[in-house]
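Coordinate inspection notes
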Amino acid sequence: MSTLKPVSIMWSQGVDTAEAQVAVSAVREFLRLVYVVGNGAGLALPPIAIRPFGTWYIPSVPEGSPYWGTTWYIDTSFDALRQQVVGAKFLSLVREEPWQKSSPHWDVALIDRDLTDSETVLASSSSFDFVLGTSVPELAAVLSVYRLRGLVRGDLRELALRRLVFHYFGQILGLPSRSRREDIGQVDGRRFCTNQCVMRYAPTVDQVVRAAEQEKRDAVSLCAHCRHDLIELILMRGRSPN
């Protein structure tokens, strides 16, 4: 029997209800896909709990104290000079949170601030000084709606956000598998699928929209290689305590 972690979802106060609903719905949709792929391979998967905490705080903890609420994560990882949340710092806070240690789970965070993946400006070989999301496998992902809001059409914003959640939740699960050698690209040390698939590299809003529209038109989410990877990762989880 494979063990799969529960999923906690939080969002910053500036994220609106529609955006939060799309994110939660996309996580549910991706998990349904996990069940479909797993069942197709003859795997009996237990229910996976989804906990949409939203914007939360702990009344008994003084405001501003470590882990008192959602705002603390954002304020602590925010670079005031660049006016961006540093994704690596945000995810390190998630890694060290006490309940992550006592009850391991997957975290998805949605924020309305701009996001960067590096702690120094243009520290990587990428030509972008922002990211739409970033993740740590087996732990968490943080996604930003900041640049998606530049899309005039609401249906495109929803489509793009759904695609972002699929992509980064897939990364949390470990897609594409590290053992895979076919149809793999790499950017700044991160591996991506090169097939028509939600695990394709799409670093800008325009690219996310184009990819999402194509995947919707062709009714494609995970390609055959990523589905195979997903089965492999589920089986690996059945042999691992984490």
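I will try to describe carefully the structure that is included in this document.

The subject of this paragraph is unusual backbone geometry. The omega angle of the peptide bond from Leu175 to Pro176 is -15°, so this bond is cis rather than trans. When you line up the elements, Pro176 lands in the loop between helix H5 (154–173) and strand S9 (184–187). A positive phi angle, close to 55°, is found at Asp183, a residue other than glycine. Note that Asp183 resides in the loop between H5 and S9.

Time to look at the pattern of salt bridges. Here the structure, examined in full by the defined rule, presents 11 salt bridges. Asp229 is the salt-bridge partner of Arg180, the closest N and O atoms lying 2.9 Å from each other. Of this pair, Arg180 sits in the loop between H5 and S9 while Asp229 sits in helix H7 (residues 224–237); the two residues are 49 residues apart in sequence, bridging distant segments of the chain.

Further remarks concern the packing of helix H2 (residues 70–77) against helix H3 (residues 87–96). Relative to each other, H2 and H3 sit at 135°, their axes nearing to 8 Å. As the angle between them shows, H2 and H3 are arranged oblique. Relative to H3, the crossing made by H2 is right-handed. Contacts from Trp72, Tyr73, Ile74, Thr76 and Ser77 of H2 reach H3 at Lys89, Phe90, Leu93 and Val94.

So, on to the nonpolar core. Of all hydrophobic cores here, the largest spans 56 residues; its most connected members are Val7, Val27, Val34, Phe169 and Leu222. Every element with two or more residues in this core is listed here: strand S1 (7–11), helix H1 (17–40), strand S5 (106–111), strand S8 (140–144), H5, helix H6 (205–217) and H7. Met10, Trp56, Leu139 and Ala140 belong to the second-largest nonpolar core, a separate cluster that totals 20 residues.

Inspection of every chain in the model, using the stated rule, returns 12 aromatic pairs. Both rings, one in Tyr67 and one in Trp99, keep their centres 6.0 Å apart while their planes meet at 80°; by these two values the pair is edge-to-face. Taken together, the positions of Tyr67 in the loop between strand S2 (50–54) and H2 and Trp99 in helix H4 (residues 98–102) put the pair 32 residues apart, joining distant regions of the chain. Taken together, a centroid distance of 5.4 Å and an interplanar angle of 75° make the contact between Trp72 and Tyr73 edge-to-face. Pair check on accessibility: Trp72 and Tyr73 agree, each one buried. Cluster of aromatic residues (ring-pair linked, three or more members): Trp56, Tyr67, Trp72, Tyr73, Phe90 and Trp99.

Taken in spatial order, the 5 strands make up an open sheet running S2-S1-S5-S8-S7, and their pairing is mixed. A strand with exactly one partner marks an edge of an open sheet, and here the two such strands are S2 and strand S7 (133–136). Geometrically, the sheet is characterised by an average inter-axis angle of 15° between neighbouring strands, direction not taken into account. Bridge count between S5 and S8: 5 bridges; the pairing is parallel. The residue of S8 that forms the bridge with Asp107 is Ala140.

Turning our attention to the pairing of S1. Of all 5 residues in S1, 5 are buried; the element is thus mostly enclosed. The pairing of S1 with S2 spans 4 bridges and is classified as parallel. If you follow Ser8 over to S2, its bridge partner there is Arg51. Where S1 meets S5, 5 bridges bridge the pair, whose relative direction is parallel. Note on S5: the bridge partner recorded for Val7 is Trp106.

Cut-offs and rules
- Residues numbered from 1 in each chain as written.
- Predicted model: local features only at pLDDT ≥ 70, side-chain atom pairs only at ≥ 80, totals over all residues.
- Heavy atoms only, no water.
- Helix = DSSP H or I, 4+ residues; strand = E, 2+ residues; numbered from the N terminus.
- Salt bridge = Lys/Arg side-chain N within 4 Å of Asp/Glu carboxyl O.
- Axes fitted to C-alpha atoms, helices over the stretch in contact; angles between N-to-C directions.
- Parallel < 35°, antiparallel > 145°, perpendicular 65-115°, else oblique.
- Left-handed = near helix turned anticlockwise from the far one by under 90°.
- Contact = heavy atoms within 4.5 Å.
- Core = buried A, V, L, I, M, F, W, Y, C linked by side-chain atoms within 4.5 Å.
- Buried < 20%, exposed > 50% of the residue type's maximum accessible area, 1.4 Å probe, protein only.
- Phe/Tyr/Trp six-rings, centres within 6.5 Å; stacked < 30°, edge-to-face > 60°.
- Pairing = 2+ DSSP bridges.

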